[in-house]
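Examination of the molecular architecture
In case you want the letters, here they are:
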Amino acid sequence: MLLNTPPEFQPGIACPADLASETLCFVWRDDMVLVRAAASPAMPTFADLMRLGLDGARHYLGRYHGIDCITLRVPTDAPEPEGWQWRGLRSLFLQVPDPLLALAGRAFQIAEWDRSHQFCGRCGTPTRDKAGERGKECPTCGHVVYPRVSPAMMVLVTRGRELLLARASRFPSGMYSALAGFVEPGESIEDCIHREVREEVGVEVANLQYFASQSWAFPHSLMIAYTAEYAGGEMRPCEDEIADAQWFSIDALPRLPVPVSIARKLIDATVARLTAST
Ligand SMILES: [Zn+2]
């Protein structure tokens, strides 16, 4: 699944004392990553960084095909070096190979965590990196903060040969997708699915089936996808969250999310299953 850990990647925390010149560097200026300005954008190596004179808060990521990878955060006012570009992560979809995009998503979440936890959230003291693990520690009160991952559910509700698809007003024109929402404290994923479906469209579901999960670095989600069967209730889309929701026959589907998304894989797999069973 796009943005999940590539099999050739071995995560690690302890940075080697001497980084080799070919070390792969994910360099962030706020939420923009540095890439070579070329038809196929590439991340800089450690040798490139030395040449460009860029340095900042470093975190080790691990090894990809045996090559060390680091993430590095430079100041907000760092210039754009000649021949290089600061790019948003989303703009690199389909422009860099999937494994590199996935590593960039991982690197971004660690750089964001570094940027957002410079001070202790409990007492305001400047934090420091904790030895031996990926944590930021407060030297005054001992509070430790780890990179945040926010679980969210996605669910595709079926009723016979129909799919319940909804659109939020922020979606591209005419596009519909499965329902999704963040898990609240105290909830299981299944609790969250029942609550969100009830809140967003007013129906009850049963027979929840796990489908797949996907890391989603915008900014730090873990999307956990399920299918469920309609179990009752009249559809009443919640006006605050949903622009429209409808039952669509699998033979007459609307515009759907792009094929790389977990939403589209969930919809395609479900359509294939329903088609085969009838
Ligand atoms: Zn503190």
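To keep things clear, this report deals only with the structure shown in the data block.

On the protein side, the zinc ion has Cys120 (SG), Cys123 (SG), Cys138 (SG) and Cys141 (SG) as donor atoms, found 2.3 to 2.4 Å from it. The site at the zinc ion holds four donor atoms, and with the angles between them running 101 to 119°, its shape is tetrahedral. For the zinc ion, the donor residues sit on a single chain with the sequence spacing C-x2-C-x14-C-x2-C. In this structure Cys138 comes out as buried when scored by relative accessible area, which is 2%. Residue Cys141 is classed as partly exposed on the basis of its relative accessible area of 34%.

Here the focus is the environment of Ser150. Within the element layout of this structure, Ser150 appears in strand β10 (residues 150–159). Overall, Ser150 belongs to the buried group, its relative accessible area being 15%. Once residues lying within four places of it in the same chain are set aside, the contact partners of Ser150 are Phe182, His220, Ser221 and Leu222.

Moving on to the environment of Gly88. By secondary structure assignment, the location of Gly88 is in strand β6 (residues 84–88). Considering only alpha carbons, one finds Gly88 and Phe9, 79 residues apart in sequence, at a separation of 23 Å. Ignoring any residue separated from it by four or fewer positions in sequence, one finds Gly88 in contact with Asp31 and Met32.

A sheet is described by the order of its strands in space; here six strands give the open sequence β1-β4-β5-β2-β3-β6, paired in mixed fashion. This sheet does not close on itself; its edge strands, each paired only once, are β1 (9–11) and β6. The average angle at which neighbouring strand axes cross in this sheet is 35°, direction not considered. Sheet topology note: the β1/strand β4 (residues 57–64) ladder contains three bridges and is antiparallel. Residue pairing across strands places Pro11 opposite Gly62, the latter belonging to β4.

If you look at the biggest cluster of nonpolar residues, it comprises 27 residues, and the most contacted ones within it are Phe26, Trp28, Cys69 and Leu101. Of all the secondary structure elements, the ones that give two or more residues to this core are β2 (24–29), β3 (32–36), β4 and α2 (98–116). Looking at this core element by element, the count peaks at nine residues for α2. In this structure, Cys192, Val203, Met235 and Ile242 belong to the second largest nonpolar core, which totals 20 residues.

Calculation notes
Residues numbered from 1 in each chain as written. Predicted model: local features only at pLDDT ≥ 70, side-chain atom pairs only at ≥ 80, totals over all residues. Heavy atoms only, no water. Donors = N, O, S within 2.8 Å, 3.2 Å for Na, K, Ca; no water. Tetrahedral: all angles 85-135°; square planar, octahedral: opposite > 155°, others 65-115°. Buried < 20%, exposed > 50% of the residue type's maximum accessible area, 1.4 Å probe, protein only. Helix = DSSP H or I, 4+ residues; strand = E, 2+ residues; numbered from the N terminus. Contact = heavy atoms within 4.5 Å. Pairing = 2+ DSSP bridges. Axes fitted to C-alpha atoms, helices over the stretch in contact; angles between N-to-C directions. Core = buried A, V, L, I, M, F, W, Y, C linked by side-chain atoms within 4.5 Å.

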